Amino acid sequence: EVRLVESGGGLVQPGGSLKLSCAASGFTFSNKGMSWVRQAPGKRLEWVSGINSSGGSTSYRDYVKGRFTISRDNAANTLYLQMNSLKPEDTAVYYCAIGDEDEYDVWGQGTQVTVSS
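The following refers to the structure shown. Residue numbers restart at each chain and count upward from 1, following the sequence in its written direction. For this predicted model, a pLDDT threshold of at least 70 governs which residues receive local features, and a threshold of 80 or more governs which side-chain atom pairs are given and counted, while totals over whole chains, interfaces and linings are taken from all residues. Only hydrogens and water are removed before side-chain values are computed, so all heavy atoms of the structure are retained for them.

This brings us to the overall build of the chain. Only DSSP runs of H or I covering at least 4 residues are called helices, and only runs of E covering at least 2 are called strands; the numbering of each starts at the N terminus. Regarding its fold elements, the chain presents zero helices and 11 strands. Order of helices (α) and strands (β) in the chain, N terminus to C terminus: β-β-β-β-β-β-β-β-β-β-β. What you see for the chain is a C-alpha radius of gyration of 13 Å, in line with the 13 Å of a compact globule of 117 residues. Dimensions of the chain, computed from C-alpha atoms along their principal axes, come out at roughly 40 × 25 × 25 Å. Each residue's exposure class comes from its accessible area (1.4 Å probe, protein chains only) as a fraction of the maximum for that residue type: buried when under 20%, exposed when over 50%, partly exposed otherwise. Counting only residues that meet the buried cut, the chain has 38% of its 117 residues in that class. Here, residues are in contact when the closest pair of their heavy atoms is within 4.5 Å. In the chain, the proportion of contacts linking residues at least 24 apart, taken out of those at least 6 apart, comes to 52%. For the radius of gyration, the atoms used are the C-alpha atoms, and the globule rule reads 2.2 Å times the number of residues raised to 0.38.

Below you can see the structure in the form of structure tokens.
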């Protein structure tokens, strides 16, 4: 059974940082490209960042470039998203997903990130 468990969200002030983690199980993590996607209140799910199976290639939505960094630890079956210089518009539920920008599957419950003073 595929399982993705996100953690690390919380309340942070504008300009602050958070690091999200996603523990994966039930599939061969090291064979899959992975992504982070988010859903802001009242909005559709949107892709934020992706990483290939080896971790050697990453991609980002324009509005998070230079602020967010995606990474993975294949030995630990874990995906990460380091988020710096957070803005109120980054407030959303963040999900890790199997796949890339064009096609991904969300399996977890997500973790809430709230950026507010």
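On the surface, Asp100, Asp102, Glu103 and Asp105 cluster together into a patch of negative charge. Counting through the fold element by element, Glu103 comes out in the loop between strand S9 (92-99) and strand S10 (104-106). Only residues whose relative accessible area exceeds 30% and that form no salt bridge are eligible for patches; like-charged ones are grouped when within 9 Å, while nonpolar side chains (Val, Leu, Ile, Met, Phe, Trp, Tyr) are grouped when within 5 Å. For the accessible areas, the method is Shrake-Rupley and the probe is 1.4 Å, while residue cover comes only from the protein chains on display. When a carboxyl oxygen of Asp or Glu is within 4 Å of a side-chain nitrogen of Lys or Arg, the pair counts as a salt bridge. Residues scored as positive are Lys and Arg, those scored as negative are Asp and Glu, and His as well as the terminal groups of each chain are ignored. Where a charge sits is defined by one atom per residue type, namely NZ (Lys), CZ (Arg), CG (Asp) or CD (Glu).

Paired through their backbone hydrogen bonds, the strands of a sheet run either parallel or antiparallel. The strand order S1-S3-S8-S7 describes an open sheet built from four strands, whose pairing is antiparallel. Taken across any chain shown, the strands that pair with only one partner, and hence form the sheet edges, are strand S1 (3-7) and strand S7 (68-73). Each strand axis lies, on average, 15 degrees off the axis of its neighbour in the sheet, ignoring direction. Pairs of strands are assigned from DSSP output, requiring at least two bridges between the strands. Two elements, strand S3 (residues 18-25) and strand S8 (residues 78-83), share six bridges in a ladder whose sense is antiparallel. Looking across to S8, one finds that Cys22 is bridged to Leu79. Helix axes use the C-alpha atoms of the stretch in contact, all axes being lines fitted to C-alpha atoms, and the angles between their N-to-C directions lie in the range 0 to 180 degrees.

To define a nonpolar core, start from buried Ala, Val, Leu, Ile, Met, Phe, Trp, Tyr and Cys residues and group those joined through side-chain atoms within 4.5 Å. Trp36, Leu79, Met83 and Tyr94 are the most contacted members of the largest nonpolar core, which totals 27 residues. Those elements giving two or more residues to this core turn out to be S3, strand S4 (34-39), strand S5 (45-51), S7, S8, S9 and strand S11 (111-115).

We now examine unusual backbone geometry. You will see that Asn77, though not glycine, has its phi angle at about 55 degrees, which is positive. Secondary-structure assignment places Asn77 in the loop between S7 and S8.

Along S11, the buried face is formed by Thr111, Val113 and Val115; none of Gln112 and Thr114, which line the opposite face, is buried. Direction of pairing for strand S2 (residues 10-12) relative to S11: parallel, over a ladder of three bridges. Across the sheet, Gly10 pairs through a bridge with Val113, a residue of S11. In the sheet, S9 pairs with S11 via three bridges, with the strands oriented antiparallel. Looking at S11, one finds that Tyr94 is bridged to Thr111.

When two rings of Phe, Tyr or Trp (its six-membered ring) have centres within 6.5 Å they constitute a pair, described as stacked for plane angles under 30 degrees, edge-to-face for angles over 60, and tilted for the intermediate range. Enumeration according to the criterion identifies one aromatic pair in this entry. For Lys19, the ring lying beneath its charged end belongs to Tyr80, and the centroid distance is 4.7 Å. Ring-over charges, as used throughout, are those where CZ of Arg or NZ of Lys falls within 6 Å of the ring centre and within 35 degrees of the ring normal.

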